[in-house]
Amino acid sequence: MRGQRSETHQLFPSGDWEGFFTYSFGPGVERHPMHCRLNFKLGKVHGTGSDDIGPFSWKGTYNKRMLECQLIKTYRNQSKVGYQGHVDENGIWGSWTIGKGDRGGFHLWPKDTGQQGQEASSASKKKVRSAS
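What you see is a predicted model, and the numbers here were worked out from it, not measured in a lab.

**Q** I keep staring at the pairing of strand β8 (residues 102-110) and nothing clicks. Help me out?
**A** It is a general feature of regular strands that their side chains alternate between the two faces of the sheet. By the criterion of burial, β8 is predominantly enclosed, with 7 of the 9 residues buried. Pairing of strand β1 (residues 15-21) with β8, which is carried by 5 bridges, proceeds in the antiparallel orientation. Residue pairing across strands places G19 opposite L108, the latter belonging to β8. The pairing of strand β7 (residues 91-98) with β8 spans 7 bridges and is classified as antiparallel. Counterpart to T97 in the pairing with β8 is R103. Taking the residues that link successive antiparallel strands as the turn, the β7-β8 hairpin has 3 residues, and the phi of G99 there is positive, at about 60 degrees.

**Q** Just to check I follow, could you spell out unusual backbone geometry for this structure?
**A** Note on backbone geometry: most residues besides glycine have negative phi, and most peptide bonds are trans. Non-glycine residue L42 carries a positive phi angle of around 55 degrees. One can find L42 in the loop between β2 (32-41) and β3 (44-51). A positive phi angle is found at Q78, which is not glycine, with a value near 75 degrees. Mapped onto the elements of the fold, Q78 is located in the loop between β5 (68-75) and β6 (80-88). Since its relative accessible area comes to 53%, Q78 is described here as exposed.

**Q** Before we go on, may I ask you to explain the sheet that holds β6 in this structure?
**A** For sheets, the rule is that strands pair by backbone hydrogen bonds, running either parallel or antiparallel. Read around the closed barrel, the 8 strands follow the order β1-β2-β3-β4-β5-β6-β7-β8; overall the barrel is antiparallel. When the angles between neighbouring strand axes are averaged without regard to direction, this sheet yields 30 degrees. Of the pairings in the sheet, the one linking β2 to β3 comprises 8 bridges and is antiparallel in character. Considered in β3, the bridge of F40 is made with V45.

**Q** Honestly, the packing of aromatic side chains in this entry has me stumped. Any pointers?
**A** Aromatic rings considered in pairs are described by the distance between their centres and by the relative angle of their planes. Under the counting rule described, the total for this entry stands at 11 aromatic pairs. The interplanar angle of 80 degrees and the centroid separation of 5.3 Å between the aromatic rings of F21 and Y23 together place this pair among those described as edge-to-face. Under the relative-accessibility criterion, F21 is labelled buried at 2%. For Y23, a relative accessible area of 45% gives the class partly exposed. Centre to centre, the rings of Y23 and W96 are 5.9 Å apart; their planes meet at 90 degrees, and the pair counts as edge-to-face. Of the two residues, Y23 is situated in the loop between β1 and β2 and W96 in strand β7; the sequence distance between them amounts to 73 residues. The buried category is assigned to W96, whose relative accessible area is 4%. What links up through ring pairs into an aromatic cluster is the set F56, W58, Y75, Y83 and F106. Geometry around F20 places R31 over its ring, the cationic atom sitting 4.3 Å from the centre. Sitting over the face of the ring of F56, K73 holds its NZ or CZ atom 4.6 Å from the ring centroid.

Analysis parameters
Note that residues are indexed from 1 along each chain, following the sequence as it is written. Only residues with pLDDT of 70 or above have their local features reported here, since the model is predicted, and side-chain atom pairs are shown and tallied only from 80 upward, although totals for entire chains, interfaces and linings are computed over all residues. Side-chain descriptors were evaluated using all non-hydrogen atoms of the structure, hydrogens and water having been removed beforehand. Any residue under 20% of the maximum accessible area for its type is buried, any over 50% is exposed, and the rest in between are partly exposed; the area is computed with a 1.4 Å probe on protein chains only. In this text, helices come from DSSP runs of H or I with a minimum length of four residues, and strands from runs of E with a minimum of two, each type numbered from the N-terminal end. Pairing between strands is defined by DSSP: at least two bridges between them are needed. Whenever a helix is involved, its axis is fitted only over the stretch in contact; in every case the axis is a line through C-alpha atoms, and angles between N-to-C directions fall within 0 to 180 degrees. Each Phe, Tyr or Trp ring (for Trp, its six-membered ring) is paired with any other whose centre lies within 6.5 Å, and the angle between the two planes then decides the class: stacked below 30 degrees, edge-to-face above 60, tilted in between. Remark: a charge is flagged as sitting over a ring if the NZ atom of Lys or the CZ atom of Arg is within 6 Å of the ring centre and within 35 degrees of the ring normal.

This is how it looks when you write it as structure tokens:
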């Protein structure tokens with residue numbers, strides 16, 4: 001499998017992504033920015049990034065047929081956060097959990113979408129609200 005190129009599906013572009021996570025659901029929730037680099041290849045995704053907590057790495061899977069993505073975000077202190085997301089033209093959106101207690105919402109989109117990311121944030125706000 002060596003030499004296999006990154007994913008070619010338009011909804012799973014490898015490269016720079018940006019977005020946010022929230023600690024709760026509903027209107028007016030505080031957004032915490034995330035910036036990351038993701039690589040999608042053969043149903044697996046990995047990458048690196050940072051947010052207001054610190055630097056982290058990503059590892060997970062994606063499904064082009066079901067348009068779903070499951071990720072584990074691991075911070076340098078080894079704290080792990082599970083992300084369960086749906087994929088559409090606005091990026092990846094869904095919820096995160098830590099163990100069985102803490103949870104919140106998130107939305108990520110490819111950085112090269114520029115202004116489209118701003119519009120996607122509005123759409124995601126509605127989706128994050130409905131995920132609760």
